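# An overview of the molecular structure
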Amino acid sequence: MTRALILGGTSDASVLAAAIARASIDAVYSYGGRTRAPADQPLPTRIGGFGGASGLADYIRREGITHVIDATHPFAAEMSRNAVEACTETGTPLIALERAPWIKASADNWIEVVNVDAAVAALPDAPANVFLAIGRQHIAPFAAKSQHSYTLRFVDPPEAPLPFAADVIVSRGPFTLDGELEMLRTRGIAWIVARNSGGDGARAKIDAARLLGLPVIMISRPELPVRLRVESVGEVVQWLGHRICLGA
Ligand code: NAP
């Protein structure tokens, strides 16, 4: 009997959960617990960390999980590494549902960097209006360049004081090209810092930057251990041994 564990927290994971529910596959959806009001899922849901790779291995054994699907965000590297380790330890098949990264087009003005510290270093010294399109847990290093006026955008209002003064937009997205163009223009944004998340939901800011000729400091994805990786929900459902049911 199949009993799948979906490591979720992304819009792709929600689409997958809907397909798995339609296919009547026994599955549990897991949230990391960072978002205050996570979207409802059509599957039994659990919330919060497992306690590292060994905690996840214990969970897999205890819950009789037969397949693990890592549908976390491409930058959720710790969870993805733990999944590889726990699945290796328990001999559980693992697949990653991971959207392709964005590819730089000729009209893009990207400065590609490997991590957040390199993104801070790539910002100019002269004060500028900067849109930091990265998660709140990664913003602290930008305090080193406090001469800039930062715009941040979060799903939830910040609970703790920010490490530097910033203008905060609270919005869940997805964002449209027109909306992003207006936001960048009205705030006079001169630089964007983004992570190469890939997918459609977050790419409007990248398209808007191209149209406005703005430089984007693009943080590359973290290196992850080799694992089976697909880009479509249908491939995951097939991997689980079921036929994909197209639904609403
Ligand atoms: P992370 O740094 O890789 O994970 C940190 C720890 O959070 C993990 O070691 C694990 O704790 C717990 N965790 C993460 N995802 C989990 C899940 N789906 N179920 C149960 N525990 C989970 O991850 P993150 O970047 O903080 O992301 C946390 C969640 O937000 C993920 O579900 C991710 O898909 C979602 N998300 C992240 C981003 C992003 O930019 N990183 C963007 C959108 C959504 P234990 O070690 O205790 O098991």
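Per chain, residues are indexed from 1 in the order of the written sequence. With pLDDT at 70 or above as the cut-off, local features in this predicted model cover only qualifying residues; side-chain atom pairs require 80 or more to be listed or tallied, and sums for whole chains, interfaces and linings still use all residues. Heavy atoms throughout the structure, all of them, feed into the side-chain values; hydrogens and water do not.

## Description of the layout of surface pockets
Gaps left between atoms are located by rolling a probe of water-molecule size over the structure's atoms. Heads up, the condition is: Space inside and on the surface of the protein is sampled on a 1 Å grid over the protein atoms alone, with a cavity defined as a set of points where a 1.4 Å probe fits but cannot get out and a pocket as an open set with protein on both sides within 12 Å along at least 5 of 7 lines; lining residues have an atom within 4 Å of a point. Grid points are joined across faces, edges and corners, and a volume is the space filled by probe spheres set on the points. Three categories are distinguished: nonpolar for Ala, Val, Leu, Ile, Met, Phe, Trp, Tyr, Cys and Pro, charged for Asp, Glu, Lys and Arg, and polar for the others, with Gly belonging to the last.
Approximately 180 Å³ is the volume found for the second largest pocket. Considering only residue class, the lining of the second largest pocket consists of six nonpolar, three polar and three charged.

## Overview of the site of the ligand
Filter applied, for reference: Working definition: residue near molecule or strand if any one of its non-hydrogen atoms lies within 4 Å of it. Contacts described as polar in this section are N or O atom pairs within 3.5 Å, which, within protein, must combine one atom able to donate a hydrogen with one able to accept it, while residues neighboring in sequence count only if both atoms come from side chains. Per-residue and other accessible areas were derived by the Shrake-Rupley procedure at a 1.4 Å probe size, with only the shown protein chains allowed to occlude residues. Working definition: helices are DSSP H or I runs of at least four residues, strands are E runs of at least two. Numbering for both runs from the N terminus.
Around the ligand sit 23 residues, and of these G8, S30, R34, F50 and R195 come closest. Side-chain polar atom of R34 to an oxygen atom of the ligand: 2.5 Å apart, as the coordinates give it. In the complex, the protein chains occlude 82% of the 800 Å² of accessible area that the ligand would expose alone. Breaking the shell around the ligand down by element, the ones donating at least two residues are β2 (27-31) and α3 (77-90). When residues in the shell around the ligand are grouped by element, the largest group, four residues, is from α3. Considering only residue class, the shell around the ligand consists of six nonpolar, 13 polar and four charged.

## Quick word on helix α5 (residues 177-186)
Because the α-helix completes a turn every 3.6 residues, residues three or four places apart line up on one side. Threshold: Buried, partly exposed and exposed residues are distinguished by accessible area as a fraction of the type maximum, computed with a 1.4 Å probe on protein chains only: under 20%, between the cut-offs, and over 50%, respectively. Here the arc refers to the directions that run from the helix axis out to each C-beta atom. Any two residues having at least one pair of non-hydrogen atoms within 4.5 Å are treated as being in contact.
Residues E180, L181, M183 and L184 constitute the buried set of α5. Around the axis of α5, the buried residues are gathered within 165° of arc, so they sit on the same side. Projecting away from the buried face of α5 at angles above 90 degrees are the exposed residues D178, E182, R185 and T186. Close packing links the buried residues of α5 with β7 (129-133), β8 (149-154), β9 (166-170), β10 (191-195) and α6 (204-212). Looking at the residues trailing α5, positive phi occurs at G188, about 60°.

## Quick look at the domain arrangement of the protein
The figure often quoted for interface size is the accessible area lost as the parts come together. We apply this condition: Domain delimitation follows an automatic or database domain assignment. When two components associate, each loses some accessible surface as probed by a 1.4 Å sphere; the sum of these losses over both components is called the buried area. Every case where a carboxyl oxygen of Asp or Glu lies within 4 Å of a side-chain nitrogen of Lys or Arg is listed as a salt bridge.
Split into domains, the protein comes out as domain 1 (4-100 + 223-239) and domain 2 (110-219). Distance from the C-alpha centre of domain 1 to the C-alpha centre of domain 2: 28 Å. Between domain 1 and domain 2, the residue contacts involve nine residues of the former and 12 residues of the latter. Carbon and sulfur atoms supply 45% of the area that domain 1 and domain 2 bury against each other, a total of about 900 Å² over both sides. It is R36, F75 and R99 in domain 1 that bury the most area against domain 2; as a group they hold 59% of the surface buried on that side. For the interface between domain 1 and domain 2, the tally reads zero salt bridges. Where domain 1 meets domain 2, there are two residue pairs in polar contact (both at pLDDT 80 or more). Across the side of domain 1 that touches domain 2, the residue classes break down as four nonpolar, two polar and three charged.

## Overview of the pairing of strand β1 (residues 4-7)
Heads up, the rule is: We call two strands paired when DSSP finds no fewer than two bridges between them. Handedness of a crossover: with both strands directed away from the viewer, a clockwise path from the first strand across the helix to the second marks it as right-handed.
Burial along β1 is two-sided: A4 and I6 and L5 and L7, pointing in opposite directions, are all buried. Note that β1 and β2 share four bridges and pair parallel. Paired with L7 across the bridge in β2 is S30. A crossover connection joins β1 to the parallel β2 through helix α1 (residues 11-22); in handedness this β-α-β unit is right-handed. The sheet contact formed by β1 and strand β4 (residues 67-70) spans four bridges and is parallel. Its bridge partner lying in β4, A4 is registered against H67.

## Looking at the side chain of R221
Structurally, the position occupied by R221 is in the loop between β11 (216-219) and β12 (229-230). A polar side-chain atom of R221 sits 3.5 Å from the main-chain carbonyl oxygen of A100. Looking at R221, its side chain comes within polar contact range of the main-chain oxygen of S197, at 2.7 Å. Apart from residues lying up to four places away in sequence, R221 is in contact with P74, F75, E98, R99, A100, P101, N196, S197 and G198.

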